[in-house]
Protein chains: 2
Amino acid sequence: MDTRDKPYVMGLDLGGTNSVFGIVDAAGSIVAETSVKTCGHGPEPETYVRDCVEALRPIIDQVGGVAQIRGLGIGAPNGNYYSGCIEYAPNLPWGKERIPLARMFSEALGIPVAMTNDANAAAMGEMAYGAAKGMKNFIMITLGTGVGSGIVCDGKLVYGSDGLAGELGHVIVEPRNGRLCGCGRKGCLEAYCSATGVARTAKEILSTTDTPTLLRETPLDEIESKHVSLAAARGDEVARSIMEFTGRMLGLACANFVCFNSPEAIIFFGGLTKAGDLLMKPVRQSFEEHILRCYEGKTRLLVSRLDDAKAAVLGASALAWDFVPSVCLSPSQTLPQGRA
Amino acid sequence: MDTRDKPYVMGLDLGGTNSVFGIVDAAGSIVAETSVKTCGHGPEPETYVRDCVEALRPIIDQVGGVAQIRGLGIGAPNGNYYSGCIEYAPNLPWGKERIPLARMFSEALGIPVAMTNDANAAAMGEMAYGAAKGMKNFIMITLGTGVGSGIVCDGKLVYGSDGLAGELGHVIVEPRNGRLCGCGRKGCLEAYCSATGVARTAKEILSTTDTPTLLRETPLDEIESKHVSLAAARGDEVARSIMEFTGRMLGLACANFVCFNSPEAIIFFGGLTKAGDLLMKPVRQSFEEHILRCYEGKTRLLVSRLDDAKAAVLGASALAWDFVPSVCLSPSQTLPQGRA
């Protein structure tokens, strides 16, 4: 990694509420940071980009100007690497449009810009600064409101034919009578092993049994996954069985994922991993029970150690290390565009 | 593909019974062919290699000598691309040993040699000469005695951390009360959607119901998948329901596979595909029902059109196009060795 010319990259974690920017060095330290609200800039994405660039000026100056920055990486829901567009993200202010945000930022900032979805960005972050440093084959699983994934084969993120590869949260793991998933289909991994899925499991058990449990201290419709992991940590049997159910399902799914790219590791990130061994022990047990013999003992199951608050920005920034600093790119040229 | 220096590649389809060699041109025509029995050369693999090279001399002379041949590709059960070894293949004469067959052939022939398993070789064959010509992202599914697979991402076969990636036949599709699979686990795709799986489904139905069916003309323990597809073709309802069951299961599994690498196509090869629409119609229906919305209409389900008798040799040979003809390789140097 030649960082002599341009020692920094910039990352944008574009979320439904906040757009967080960070300027990052090769060691993975965020040297400057700023953020703007994602909403409130009117219906035009141009205004959003203009306001962001305005907010960025002080932190860009702080590192010695834009010439010090190799490029910007954007991690965004439904961000497509090939097109550099956000494609129909329901929770972003531009709704159903296809927004060429990579090109817009590149033109406004005069540096190359790459974009991908949040889970892929998380995988890039682990590879550049985290648990996957030095790995060529691994799978990133993000366990948040949904279940996201980023797959790395031979050192490169798998984008597939359309830039949308790696949706392991929507692998159907329950072929019969599966739960309705947010995607409209039934039985997806995400319907069980996300934070939302854990809360659903809890609500199902609480409303169909009368077993005493600490979980009944919270009104049924307010139950979240954190209530389950807190109760489990206090030894509550029902809560523990919910974590066990979730972990076993995730472990089996991961054993299946290994059949694809025989990864060195599967790395978990996100709110659910805070449950620690309450989740990870059944994941490991089920994984080992279900793994195909030729893969036994080869894939490590790891929990990300990147700082939660910084991981998304770090991941997005990691995309920009791929830009070659000595090549002269015109402002509107974003490397992935050629693939669109 | 620069074929000026060395216009041919050689393929070896190493099966339990026969070892079939073919010399292939860039258009995918087998210009010369020979074969030897895989067994009967004694317990030492050295003797097998020596006898093969002996049998090869006439066909190598026929194309103008070994200087015309860029390299040899071997497709073999449990063939590992990284190590160039056959690893513990139970149906081959060298039993439980790890046989460095790529190195041995390279030393004996004086050309570079690469090896992979049969399903990966089939994928290479489709990419070089078949339905996947020009594709960068696709999945090959072989439906034979077992279910094999080869996965191509961004133009390259996925070998994973150990050379053993791509075992989609052993994805567990039936998480509860699944059938015992040859691998020792339960509920694998292979236990249902292979030729053996179809025969098992037939036997299960025949022994647990008394519905009249043409299948009862064959003694129960002699039933094979071809009996099922023949009876289905004659309109037999039970046989049709077996093909329907098999196809629907395969279609769902394929919809899940798309979540990995969003392929342009899934290409099916092997005995079961002879059933034509009797299998492929339920595959397509189930695939379309279960595909995640963002992938809808993007992945074609194709049946290989390569000649059955030639596909394995063609596939193996395709591995050798990756050898660069102008680079001077020492006889013992097989390109993948560096990865071992």
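Residues numbered from 1 in each chain as written. Chains lettered and ligands numbered in written order. Predicted model: local features only at pLDDT ≥ 70, side-chain atom pairs only at ≥ 80, totals over all residues. Heavy atoms only, no water.

### Some words on helix α6 (residues 225-233) of chain A
Residues and elements named next belong to chain A. Listing the buried residues of α6 in full gives S225, V228, S229, A231 and A232. Down the axis of α6, the sector holding all buried residues measures 160°, keeping them to one side. Of the residues in α6, the exposed ones pointing more than 90 degrees away from the buried face are L230 and A233. Tucked inside the fold, the buried residues of α6 contact α5 (195-208), α7 (237-261) and α8 (277-290). The positive-phi residue at the C-terminal boundary of α6 is G235, with phi of around 95°. (Buried < 20%, exposed > 50% of the residue type's maximum accessible area, 1.4 Å probe, protein only. Helix = DSSP H or I, 4+ residues; strand = E, 2+ residues; numbered from the N terminus. Arc of directions from axis to C-beta. Contact = heavy atoms within 4.5 Å.)

### Focus: the pattern of salt bridges
This model, assessed by the stated rule, comprises 20 salt bridges over all chains. A salt bridge links A:D308 to A:K274; the nearest nitrogen and oxygen atoms lie 3.4 Å apart. Of the two residues, A:D308 is situated in helix α9 (residues 308-318) and A:K274 in the loop between β12 (265-269) and α8; the sequence distance between them amounts to 34 residues. With relative accessibility at 40%, the residue A:D308 sits in the partly exposed group. A salt bridge links A:K298 to B:D162, with the shortest nitrogen-to-oxygen separation between them at 2.8 Å. Of the two residues, A:K298 sits in the loop between α8 and β13 (300-303) while B:D162 sits in the loop between β11 (156-157) and α4 (190-193), which places them in two different chains. (Salt bridge = Lys/Arg side-chain N within 4 Å of Asp/Glu carboxyl O.)

### A closer look at the sheet that holds β12(A)
Residues and elements named next belong to chain A. Read from one edge to the other, the open sheet built from five strands follows the order β11-β10-β9-β12-β13, with strand pairing classed as mixed. Each edge of the open sheet carries a strand with a single partner, namely β11 (156-157) and β13. Pairing geometry for strand β9 (residues 138-143) and β12, over five bridges, is parallel. By the bridge assignment for β12, T142 is matched with F269. The strands touched by α7 are β9, β10 (147-153) and β12; relative to β9, the strand with the most contacts, the crossing angle is about 150°. (Pairing = 2+ DSSP bridges. Axes fitted to C-alpha atoms, helices over the stretch in contact; angles between N-to-C directions.)

### A short note on the packing of helix α6 (residues 225-233) of chain B against helix α7 (residues 237-261) of chain B
Residue and element names in this part refer to chain B. Direction vectors running N to C along α6 and α7 enclose 115°, while the axes themselves pass 7 Å from each other. Two packed elements cross with a definite hand, and for α6 against α7 that hand is left-handed. Together, V228, S229, A231, A232 and A233 of α6 and A239, R240, I242 and M243 of α7 make up the contact between the two elements. Of the residues in the contact of α6 with α7, the class split is seven nonpolar, one polar and one charged. (Left-handed = near helix turned anticlockwise from the far one by under 90°. Nonpolar A, V, L, I, M, F, W, Y, C, P; charged D, E, K, R; others polar.)

### Some details on the packing of α7(A) against α8(A)
Two quantities define a packed helix pair, namely the angle between the helix axes and the distance between the axes. All names here are of chain A. For the pair α7 and α8, the least separation of the axes is 7 Å and the interaxial angle reads 40°. In terms of axis orientation, α7 runs oblique to α8. Handedness of the α7/α8 crossing: right-handed. Judged by residue contacts, R240, M243, E244, T246, G247, R248, L250, G251, L252, C254, A255 and V258 of α7 engage L278, L279, P282, V283, S286, F287, E289 and H290 from α8. A breakdown of the residues in the contact of α7 with α8 according to their chemical character gives 11 nonpolar, five polar and four charged. (Parallel < 35°, antiparallel > 145°, perpendicular 65-115°, else oblique.)

### Focus: the confidence of the model for chain A
Of all residues in chain A, 94% have pLDDT values of 70 or greater, and the mean over the chain is 92. In this model residues 326-340 of chain A is a low-confidence stretch, pLDDT under 50, and it forms 28 contacts with partners more than four residues away in sequence or in other chains. (pLDDT = per-residue confidence, 0-100.)

### Overview of the interface of chain B and chain A
The interface is formed by 41 residues belonging to chain B together with 41 residues belonging to chain A. Of the roughly 3,400 Å² buried where chain B meets chain A, counting both sides, 57% is carbon and sulfur surface. For the interface between chain B and chain A, the tally reads six salt bridges. For the pair chain B and chain A, the interface holds 22 residue pairs in polar contact (both at pLDDT 80 or more). Those elements that place two or more of their residues in the side of chain B that touches chain A are β10 (147-153) and α7 of chain B. With six residues, the top contributor of residues to the side of chain B that touches chain A is α7(B). Of the residues contributing to the side of chain B that touches chain A, the split by class is 21 nonpolar, nine polar and 11 charged. (Buried area = accessible area lost by both parts, 1.4 Å probe. Polar contact = N/O pair within 3.5 Å; in protein donor to acceptor, adjacent residues only side chain to side chain.)

### Some words on empty space enclosed by the protein
All told, the structure shown has one cavity of 30 Å³ or more when counted by the stated rule. Estimates place the volume of the largest cavity at around 50 Å³. Surrounding the largest cavity, A:I151, A:C153, A:V158, A:F260, A:N261, B:I151, B:C153, B:V158, B:F260 and B:N261 form its lining. Looking at the lining of the largest cavity, its residues break down into eight nonpolar, two polar and no charged. (1 Å grid on protein atoms, 1.4 Å probe; cavity = no way out; pocket = protein on both sides within 12 Å on 5 of 7 lines; lining within 4 Å. Points joined across faces, edges and corners; volume = space filled by probe spheres on them.)

### Let's talk about the relation of the copies chain B and chain A
The two copies are related by a screw motion: chain B maps onto chain A through a turn of 180° and a shift of 0.0 Å along the axis, at an RMSD of 0.0 Å. What we have between these two chains is a two-fold relation. Both copies contact each other with a shared surface, as 100% of the interface residues of chain B are interface residues in chain A too. (Least-squares fit on C-alpha atoms with pLDDT ≥ 70 in both.)

### What about the pairing of strand β8 (residues 113-116) of chain B?
Regular strands place side chains that alternate from one sheet face to the opposite one. Residue and element names in this part refer to chain B. Alternating positions in β8 separate into two faces, V113 and M115 on one and A114 and T116 on the other, with burial throughout. Of the pairings in the sheet, the one linking strand β4 (residues 69-75) to β8 comprises four bridges and is parallel in character. Counterpart to L72 in the pairing with β8 is V113.

### Details of the packing of aromatic side chains
All told, the structure shown has 17 aromatic pairs over all chains when counted by the stated rule. Ring centres 4.0 Å apart and planes at 0° place the aromatic pair B:Y81 and B:Y159 in the stacked group. Of the two residues, B:Y81 sits in the loop between β5 (79-80) and β6 (85-87) while B:Y159 sits in the loop between β11 and α4, which places them 78 residues apart along the sequence. When sorted by exposure, B:Y81 lands in the same class as B:Y159, which is buried. Cluster of aromatic residues (ring-pair linked, three or more members): A:F21, A:Y48, A:W94 and A:F105. (Phe/Tyr/Trp six-rings, centres within 6.5 Å; stacked < 30°, edge-to-face > 60°.)

### Some remarks on the pairing of β13(A)
Residue and element names in this part refer to chain A. Across four bridges, the pairing between β12 and β13 is parallel. The partner of A265 across the bridge, within β13, is R300. What joins β12 to β13 is α8, and the crossover it makes is right-handed. (Right-handed = clockwise from strand over helix to strand, strands pointing away.)

### Quick word on the environment of A:A67
Residue and element names in this part refer to chain A. Its location among the elements puts A67 in the loop between α1 (45-62) and β4 (69-75). When its relative accessible area of 47% is taken as the criterion, A67 is described as partly exposed. In this structure A67 touches D5 and K6, once residues within four positions along its chain are discounted.

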